Amino acid sequence: LFLMASPCFAGLFEVGISGSYRKTNFDIQTVTEMETGTASLGYYFWELSALELSYTQGDALQTTANYSAYRVFKAAGVDLMVTLATKDSAFKPYIKLGASYVFKDLRVYYSPGLISNNSAHSEGFTPTAGLGFKLMIGPQFGIKIGVDASTSPIQTASSSSNPAAPTTIDFAGTGGISYIF
């Protein structure tokens, strides 16, 4: 009976985009610039539950008098998102759990005469979790705000430049728009 209850079936899609840019000037010679973009596609298979596919890419460059550090971050994931409100609510809090494939790369270039350049690389599958809310502006448009967390990729000898590295947790604040159709 539970699986055959057709009023629960939604069949709606949600497309979302978010992005960020930040430039921090510590002093005239120390500058950090970061930019990140995320695109997502969610399918609501029940009225308040969705599977969300997402892709995120971010870059950061920190320059000082002695070195430049360039970081790349990419993640493709899938999350089960459960909304904690009714279909007609304007304020829709949600929680989500899932997994993603993460790629992280760090390259440090030192000024001539200093120590040699180095790099670190990590990639692999990682569990993810998040919470946030969607504020509906109309029946189809919403503003989405949240926080996501993931661990460092599950380490294997071939997935990291340091397979014995300790597990770390990454956090990301997110904000963007969504369209439901």
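Predicted, not measured: the structure shown is a model, and the values here were computed from it.

A.B. asks: Could you give me a rundown of the overall build of the protein, with the residues and numbers involved?
C.D. replies: Counting secondary structure elements, the protein contains zero helices and eight strands. Residues classed as buried in the protein amount to 28% of the 181 residues present. For the protein, the proportion of contacts with a sequence separation of at least 24, taken over those separated by at least 6, is 56%. Just so you have it, the protein exposes about 11,100 Å², and 67% of that area is on carbon and sulfur atoms.

A.B. asks: Before we move on, could you go through the side chain of T128 and cite the residues and values that matter?
C.D. replies: Mapped onto the fold, T128 is located in strand β6 (residues 118–136). Polar contacts involving the side chain of T128 include one to the side chain of D79, which spans 2.8 Å. A distance of 3.3 Å separates a polar side-chain atom of T128 from the backbone nitrogen of A99. When neighbours within four sequence positions are excluded, T128 is seen to be in contact with D79, K96, L97, G98, A99, S100, A149 and S150.

A.B. asks: Give a description of the layout of surface pockets that names residues and reports values.
C.D. replies: The volume enclosed by the largest pocket comes to roughly 1,000 Å³. As for the largest pocket, its lining consists of 44 residues, of which T38, T56, D148, A172 and T174 are closest to the centre. Elements with a minimum of two residues in the lining of the largest pocket: β1 (9–27), β2 (30–46), β3 (49–63), β4 (67–83), β5 (91–110), β6, β7 (141–151) and β8 (169–180). The class makeup of the residues in the lining of the largest pocket is 16 nonpolar, 19 polar and nine charged.

A.B. asks: Outline the environment of V102, supporting the account with residue identities and numerical values.
C.D. replies: Within the secondary structure, V102 is located in strand β5. Overall, the relative accessible area of 2% leaves V102 in the buried class. In this structure the C-alpha to C-alpha distance between V102 and T151, which are 49 residues apart in sequence, comes to 9.7 Å. Residues within four places of V102 in sequence aside, it is in contact with F73, K74, A75, S122, E123, G124, T126 and P153.

A.B. asks: Tell me what's going on with the side chain of S152, and back it up with residues and numbers.
C.D. replies: Locating S152 in the fold gives a position in the loop between β7 and β8. Apart from the residues lying within four places of it in its own chain, the contact partners of S152 are K104, T126, P166, T167 and T168.

A.B. asks: Let's hear about the environment of T63: which residues, and what values?
C.D. replies: Structurally, T63 is set in strand β3. Judged by its relative accessible area of 25%, T63 falls in the partly exposed class. Each C-alpha atom, one on T63 and one on T30, is 5.5 Å from the other, the two residues being 33 residues apart in sequence. If sequence neighbours within four positions are ignored, T63 has contacts with Q29, T30, V31 and S68.

Procedures and definitions
Residue positions are given per chain, counted from 1 along the sequence in the order it is written. The predicted nature of this model means local features are confined to residues of pLDDT at least 70 and side-chain atom pairs, given and counted, to a pLDDT of 80 or more, with totals for whole chains, interfaces and linings taken over all residues. The side-chain figures draw on all heavy atoms in the structure; neither hydrogens nor water molecules are used. Elements are defined by DSSP. Helices are runs of H or I of four residues or more, strands are runs of E of two residues or more, and each kind is numbered from the N terminus. A simple rule labels every residue: compare its accessible area, found with a 1.4 Å probe on the protein chains alone, to the largest value its type can have, and call it buried under 20%, exposed over 50%, or partly exposed in between. In what follows, a contact means two residues having at least one pair of non-hydrogen atoms within 4.5 Å. In these tables, accessible area is a Shrake-Rupley quantity obtained with a 1.4 Å probe, and a residue counts as shielded only by the protein chains included in the view. Counting of polar contacts relies on pairs of N or O atoms within 3.5 Å, with two restrictions inside protein: one atom must be capable of donating a hydrogen and the other of accepting it, and residues adjacent in sequence are counted only when both atoms are side-chain atoms. A pocket here means an open set of points on a 1 Å grid, computed over the protein atoms alone, that has protein on both sides within 12 Å along at least five of seven lines. A cavity is instead a set of points where a 1.4 Å probe fits but cannot get out; residues with an atom within 4 Å of a point line either one. Grid points are joined across faces, edges and corners, and a volume is the space filled by probe spheres set on the points. Residue polarity is assigned by list, with Asp, Glu, Lys and Arg as charged and Ala, Val, Leu, Ile, Met, Phe, Trp, Tyr, Cys and Pro as nonpolar; anything else, Gly included, falls into the polar class.

So far we have only geometry, and geometry alone does not tell us how the molecule works.
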